[in-house]
Each structure stands twice: as C-alpha cells, then as structure tokens.
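Here's the letter readout for the chains.
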Amino acid sequence: MRIDLHEIIDVPGGRVAFDYEPDFSGVYPEAVLGEAERVRAKGEIVNTAGVLTLSAEVTARLRCLCDRCASEYEYELRLPVRAVLAEEQFDEENSDLYLLDGDYADLDEIIHTAYVLDMDTKFLCNENCKGLCPKCGKNLNEGPCSCKGDISPQLAVLQQLLTDK
Ligand SMILES: [Zn+2]
Ligand SMILES: [Zn+2]
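Residues numbered from 1 in each chain as written. Chains lettered and ligands numbered in written order. Predicted model: local features only at pLDDT ≥ 70, side-chain atom pairs only at ≥ 80, totals over all residues. Heavy atoms only, no water.

1. A word on a negative patch on the surface
Reasoning step 1: Together, Asp4, Glu7, Asp10, Glu87, Glu88 and Asp103 line one region of the surface with negative charge.
Reasoning step 2: Within the fold, Glu7 resides in the loop between strand E1 (2–4) and strand E2 (15–20).
Reasoning step 3: The exposure class assigned to Glu7 is exposed, which follows from its relative accessible area of 61%. (Patch = residues over 30% accessible without salt bridge, like charges linked within 9 Å, V, L, I, M, F, W, Y side chains within 5 Å. Areas by Shrake-Rupley, 256 points an atom, 1.4 Å probe, with all protein chains shown as cover. Salt bridge = Lys/Arg side-chain N within 4 Å of Asp/Glu carboxyl O. Lys, Arg positive; Asp, Glu negative; His and termini not counted. Charge placed at Lys NZ, Arg CZ, Asp CG, Glu CD. Helix = DSSP H or I, 4+ residues; strand = E, 2+ residues; numbered from the N terminus. Buried < 20%, exposed > 50% of the residue type's maximum accessible area, 1.4 Å probe, protein only.)

And the structure:
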C-alpha cells in the first residue's frame, strides 16, 4: 500500500495512522505454508520536528513447516517496525531509512523488508524438537522409536564394511 503523506510532510506534529492487511505472497519463505490469521500492519507516521518516523506492529498467525520433524505448526508473528522516511538519502549507514516517492511512502516495501531482516533462519515447531529418526523416520516428539540406540559414525562404517563382504 502506498500512503499519501502530503498533509504531514511539512507539518511538524502531524500524523497519519494506518491499519491494513498487507499482501505477503512472494515474501514468505517456503517453510511458511500460509496464514491462519491474516497478516495485519497497524501503526502511524509522525512528523517529529520535520523528520517523518514510522512505527508499526505487524501481527499474524502463520502456518509453518518444521525443519526438523516436517510437521505443521502455528507461529505467532509479532514484529515491531521502525523506519525513518526521507526525501533524500542523508545517512548511508542507517538501514531504517526509506526514501519517499514524492509525497508517498511505500508501506509494503518497508514492512516486507522489516520481515525479511527479522525472519528466523530456522523454522522449528519447538526449540527442543527431536526431529525424525534417521533410520525409521518416526517423529521422535511422539515417543522413542524401536530402533536400537544411536549408531556412532565409526560403527556405521564398520557395519557397512561387514555388509559389503
Ligand atoms: Zn519439529
Ligand atoms: Zn527409528
């Protein structure tokens, strides 16, 4: 969504609020299967002494696939977003800086970027997810499988040599 800021752009103290459902298709990684609750972005842009700052919170309930056990789980997304909107690049170091397009700001771009930067690289149903047994494929969160203990790599090599004979 593009938001029109012409009413506050030169008005210190001015503010514009927004509350909408951004489209995240094409932004979610593969592990996100869909939204159990639509993603929503709620916040405002305030002109503080001539500087436009955006503050928002992005919330959603996402259906994700666990990297370890391949089961589906729901994840509560709560992402605070902060950004400074400027007409020109004045601070190369500041990654929270976004350029205005005339009197407009591209909210989707700001929110998508914040999500991608914050995104977990690992998707786990639970931090202690035990995953699947590498031998029988059973989900070990549901209980132990009947495979006998862990085979050490050395032993596995030995076993391989014996079966090859
Ligand atoms: Zn898992
Ligand atoms: Zn097993």
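2. Some points on the nonpolar core
Reasoning step 1: Formed by 41 residues in total, the largest nonpolar core has its most connected members in Leu5, Ile45, Leu54, Val58, Leu85 and Tyr115.
Reasoning step 2: Of all the secondary-structure elements, those providing two or more residues to this core are E2, strand E3 (32–48), strand E4 (51–65), strand E5 (72–86) and helix H1 (107–118).
Reasoning step 3: Ranked by residue count, the leading element in this core is E4, at 7 residues.
Reasoning step 4: If we skip the residues at most four places from it in the chain, Tyr115 touches Phe24, Val27, Tyr28, Pro29, Val32, Leu62, Leu77 and Leu79. (Core = buried A, V, L, I, M, F, W, Y, C linked by side-chain atoms within 4.5 Å. Contact = heavy atoms within 4.5 Å.)

3. Regarding the coordination of the zinc ion (ligand 1)
Reasoning step 1: With distances of 2.3 to 2.4 Å, the protein atoms coordinating the zinc ion (ligand 1) are Cys66 (SG), Cys69 (SG), Cys125 (SG) and Cys129 (SG).
Reasoning step 2: Between the 4 donor atoms coordinating the zinc ion (ligand 1), the angles at the centre fall across 106 to 113°, so the site counts as tetrahedral.
Reasoning step 3: Counting the intervening residues between successive donors of the zinc ion (ligand 1) yields the motif C-x2-C-x55-C-x3-C.
Reasoning step 4: Look at Cys129 and you get buried, because its relative accessible area is 5%. (Donors = N, O, S within 2.8 Å, 3.2 Å for Na, K, Ca; no water. Tetrahedral: all angles 85-135°; square planar, octahedral: opposite > 155°, others 65-115°.)

4. A look at the pattern of salt bridges
Reasoning step 1: Under the defined criterion, the tally for this structure stands at 9 salt bridges.
Reasoning step 2: Glu72 serves as the salt-bridge partner of Arg63, at 3.0 Å between the closest nitrogen and oxygen.
Reasoning step 3: In this structure, a network of salt bridges that share partners links the residues Glu21, Glu35 and Arg38.

5. Description of the confidence of the model for the chain
Reasoning step 1: Confidence in the prediction for the chain averages 90 pLDDT; 88% of positions are at 70 or higher.
Reasoning step 2: Of all helices and strands in the chain, the one with the weakest mean pLDDT is helix H2 (residues 153–164) (65), whereas E2 scores best (98). (pLDDT = per-residue confidence, 0-100.)

6. Some remarks on the side chain of Asn139
Reasoning step 1: As for its placement among the helices and strands, Asn139 is situated in the loop between H1 and H2.
Reasoning step 2: Its relative accessible area of 13% is what places Asn139 among the buried residues.
Reasoning step 3: A distance of 3.0 Å separates a polar atom in the side chain of Asn139 from a polar atom in the side chain of Asn141.
Reasoning step 4: Setting aside its immediate chain neighbours within four residues, Asn139 contacts Cys69, Ser71, Gly131 and Leu132. (Polar contact = N/O pair within 3.5 Å; in protein donor to acceptor, adjacent residues only side chain to side chain.)

7. Points about the coordination of the zinc ion (ligand 2)
Reasoning step 1: Within the protein, the atoms that donate to the zinc ion (ligand 2) are Cys133 (SG), Cys136 (SG), Cys145 (SG) and Cys147 (SG), at distances of 2.3 Å.
Reasoning step 2: In this structure, the zinc ion (ligand 2) is coordinated by 4 donor atoms arranged in tetrahedral fashion, with angles at the metal of 108 to 111°.
Reasoning step 3: Counting gaps between the donor residues of the zinc ion (ligand 2) yields the pattern C-x2-C-x8-C-x1-C.
Reasoning step 4: Its relative accessible area of 24% is what places Cys147 among the partly exposed residues.

8. Details of the environment of Tyr104
Reasoning step 1: By secondary structure assignment, the location of Tyr104 is in strand E7 (residues 104–106).
Reasoning step 2: According to the relative accessible area criterion, Tyr104 is partly exposed, its value standing at 31%.
Reasoning step 3: Linking Tyr104 and Leu5, residues 99 residues apart in sequence, is a C-alpha distance of 5.7 Å.
Reasoning step 4: Those residues in contact with Tyr104, other than ones at most four positions away along the chain, are Arg2, Ile3 and Asp4.

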